[in-house]
Amino acid sequence: MIEVMDQSRGNIIGLHVTGKLHEKDYAEFLPKLEDLFTQYGKLRVLFFADPDFEGWDMSAAWQDASVGFRHAADFERLAVVGAPDWVEWCIRLSGFLFKGDVKIFPPDQLDDAWGWIQG
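Residue numbering note: each chain is counted from 1, following its sequence as written. The model is predicted, so local features are restricted to residues of pLDDT at least 70 and side-chain atom pairs to those at 80 or more, both for listing and for counting; the totals for chains, interfaces and linings are taken over all residues. Neither water nor hydrogens contribute to the side-chain values; these are computed over all heavy atoms in the structure.

(A) Spotlight on helix α2 (residues 58-70). For α2, which comprises 13 residues, the first-to-last C-alpha distance of 18 Å matches the rise-based estimate of 18 Å (1.5 Å per residue) to within 8%. Only protein chains enter the accessibility calculation, which uses a 1.4 Å probe. A residue is then buried if its area is under 20% of the maximum for its type, exposed if over 50%, and partly exposed in between. Strands are runs of DSSP state E lasting at least two residues, helices are runs of H or I lasting at least four, and both sets are numbered from the N terminus onward. Where α2 is concerned, the buried positions are Ala60, Gln63, Val67 and Gly68. On an axial view of α2, the arc spanned by its buried residues comes to 135 degrees, and they lie on one face. Pointing more than 90 degrees away from the buried face of α2 are the exposed residues Met58, Trp62, Phe69 and Arg70. Buried positions along α2 lie against β3 (20-21), α1 (23-40), β5 (55-56) and β6 (75-81). Residues adjacent in sequence count toward polar contacts only when both atoms are side-chain atoms; beyond that, a polar contact is any pair of N or O atoms within 3.5 Å, and within protein one must be able to donate a hydrogen and the other to accept it. By the N-cap criterion, in which a side-chain oxygen at the helix start approaches the backbone nitrogen of a residue two or three places on, α2 is capped by Asp57, the distance to Ser59 being 3.3 Å. A helix's residues, less one, multiplied by 1.5 Å, set its expected span. Of all possible arcs, the one meant is that of the directions from the helix axis to the C-beta atoms. The contact rule is simple, with two residues in contact once any of their heavy atoms fall within 4.5 Å.

(B) Quick look at the nonpolar core. We call a set of buried Ala, Val, Leu, Ile, Met, Phe, Trp, Tyr and Cys residues a nonpolar core when their side-chain atoms join them within 4.5 Å. Grouped together as the largest cluster of nonpolar side chains are 25 residues, with contacts concentrated most on Ile2, Val17, Leu21, Phe29, Leu33, Val45 and Phe53. Counting only elements with at least two residues in this core, the list comes to β2 (12-17), α1, β4 (43-49), α2, β6 and α3 (85-94). Sorting elements by how many residues they give to this core places α1 first, with six residues. For Leu21, the contacting residues outside a window of four places in its chain are Met1, Ile2, Tyr26, Phe53, Gly55, Trp56, Asp57 and Ala60. Met5, Ile12, Phe48 and Leu110 belong to the second-largest nonpolar core, a separate cluster that totals 12 residues.

(C) The pairing of β4, seen in detail. In terms of burial, β4 is largely enclosed, as seven of its seven residues are buried. Residues Leu43, Val45, Phe47 and Ala49 point to one face of β4 and Arg44, Leu46 and Phe48 to the other, with burial holding for every one of them.

(D) Quick look at the sheet that holds strand β1 (residues 2-4). Whether two strands pair comes down to DSSP finding at least two bridges between them. Taken in spatial order, the five strands of this open sheet run β1-β2-β4-β6-β7, and their pairing is mixed. The open sheet has two edge strands with one neighbour each: β1 and β7 (101-105). Along the sheet, successive strands turn relative to each other by an average axial angle of 20 degrees, direction set aside. Two elements, β2 and β4, share six bridges in a ladder whose sense is parallel. Pairing of Leu15 across the sheet is with Phe47, part of β4. Axes here mean lines fitted to C-alpha atoms, for a helix over just the part in contact, with angles spanning 0 to 180 degrees between N-to-C directions.

Structure follows, in structure tokens:
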């Protein structure tokens, strides 16, 4: 599941992800994200993975990658908090695609990640 965090304001959006993400999750969330890109142009995104986060099914992974490629220059900052090692590895590997700053935080540094994404 993808939930927009309460601290989200303007072009700063925090996403709390839990369980395994499916196509349905993206069908519900992507229109909101696209609206924010249309409204603000560039976004600062905080991706907070709950300890029970299992990743993406194939359809959701494709949708996630498609958004990433389509908006690679539109992420001003991306903070990743508490992601499993394999997600961190994927982010480091694909980080060159993003034009903005990418920073990875351990799960106990959520407040620091908010400070960085807002700064």
